[in-house]
Amino acid sequence: MGIDLKSRTIAITGASSGIGKATAIACSRAGMRVIVGARREDELKKVVEAIRAEGGDAAYVVMDVSNPKDNERLVEAAMDHFGSLYSVFANAGYGLERSVLAYTDAELDEMFRVNFWSCLQLMRLTGNMFLKQPPVNGGKRGHILVCSSCVSKIGLPNYAAYSATKSLQDHFARAMRIELADQGVAVSSVHPIGTKTEFFDTAKRLSGGKRISIQTPERFKQPAETVANAIVRCLRKPKGEVWTSFPMRAMLALGTAFPGLADAMMLKRQRQLAEP
Ligand SMILES: NC(=O)c1ccc[n+]([C@@H]2O[C@H](COP(=O)([O-])OP(=O)(O)OC[C@H]3O[C@@H](n4cnc5c(N)ncnc54)[C@H](OP(=O)(O)O)[C@@H]3O)[C@@H](O)[C@H]2O)c1
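Here's a quick rundown of the structure. Since the model is a prediction, treat every value here as computed from it, not as a measurement.

Conventions used here
- Residues numbered from 1 in each chain as written.
- Predicted model: local features only at pLDDT ≥ 70, side-chain atom pairs only at ≥ 80, totals over all residues.
- Heavy atoms only, no water.
- Salt bridge = Lys/Arg side-chain N within 4 Å of Asp/Glu carboxyl O.
- Helix = DSSP H or I, 4+ residues; strand = E, 2+ residues; numbered from the N terminus.
- Near = heavy atom within 4 Å.
- Polar contact = N/O pair within 3.5 Å; in protein donor to acceptor, adjacent residues only side chain to side chain.
- Areas by Shrake-Rupley, 256 points an atom, 1.4 Å probe, with all protein chains shown as cover.
- Nonpolar A, V, L, I, M, F, W, Y, C, P; charged D, E, K, R; others polar.

1. What about the pattern of salt bridges?
1) Next: Under the definition given, this model contains 12 salt bridges.
2) Next: Put simply, Glu54 and Arg29 hold a salt bridge, and the shortest N to O gap is 2.5 Å. In this pair, Glu54 is assigned in the loop between helix H2 (41-53) and strand S3 (58-62) and Arg29 in helix H1 (residues 18-29), connecting sequence segments 25 residues apart.
3) Next: Here the salt bridges do not stand alone but share partners, grouping Lys153, Asp170, Arg177 and Glu241 into one network.

So this is what it looks like as structure tokens:
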């Protein structure tokens, strides 16, 4: 039950693969109209074709989220194609393994631009737009979701910039959902654990070397569809945070209460990784 998603439009960035693609398909199966954005046009076309083949309604926009104008084009395209926009999922992002001392200024700038600034821009753009819309059934005018991460709750060694961008997304989403709680706009942050997508291959390619950061072991990684289905549930029944692993959530809560313990565990894992 909850909010009827039928014929509502969702715009999703980073939807040419992984979590964004799975979410586009899951939202379409829930009856939503979907507009997908990313840089690889051939992959976006495949997502749109897959949705249309199932009888869904979708369109794509080739975009680079690091260009502020492209977020505006995504929203405009949703209005042009479908005449309305109910939800946005700011999902585009990537990882890069570096020690704090090794990042170049350009690498830091690019990561914060893609993972954080673009997300914040899309949140503000759609937040202002949703406030002007009438509420739909369930009382919401619109729903903003951001793809943060479980690592938003810790400073991950050799992944500090990535975990910082995920933390910033989470902080802004949390503040914004309280600011807008009485105005009918839902804001949710999604916190996937390690997920089987192109993410790790891309991070490895960009980092150009041996793995140096602590990651979810392969056997514990979840399929992208697990995250996508949790997002659809959150669209139907809005809530502040979307988690797909209770053990990880509990472990992170413990790590927040006892940071010394969390640091000691991470140091132990880090030393194991450094062993030849
Ligand atoms: N996989 C995990 O373990 C995990 C865990 C927690 C959180 N996350 C988060 O989940 C989100 C999605 O990642 P994923 O796991 O699904 O990995 P993925 O398969 O690599 O997907 C990343 C998506 O982001 C897009 N993207 C990257 N840079 C972009 C840019 N400048 N402009 C537009 N699109 C861009 C990529 O498309 P193009 O290359 O076509 O542009 C792709 O569609 C990310 O924000 C990531 O931080 C992932």
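2. Focus: the site of the ligand
1) Next: Neighbouring residues of the ligand: 29 residues in total, closest Arg39, Asn91, Tyr162, Thr195 and Thr197.
2) Next: With respect to the ligand, the backbone of Asn91 contributes an N or O atom lying 2.7 Å from an oxygen atom.
3) Next: Here the ligand, which alone exposes 870 Å², has 95% of that area covered by the protein.
4) Next: Of all the secondary-structure elements, those providing two or more residues to the shell around the ligand are H1, helix H5 (160-179) and helix H6 (199-207).
5) Next: Residues that form the shell around the ligand fall into these classes: 13 nonpolar, 11 polar and five charged.

3. A closer look at the environment of Leu101
1) Next: As for its position among the elements, Leu101 is in the loop between strand S4 (87-90) and helix H4 (105-131).
2) Next: For Leu101 and Met251, which are 150 residues apart along the polypeptide, the C-alpha to C-alpha distance reads 28 Å.

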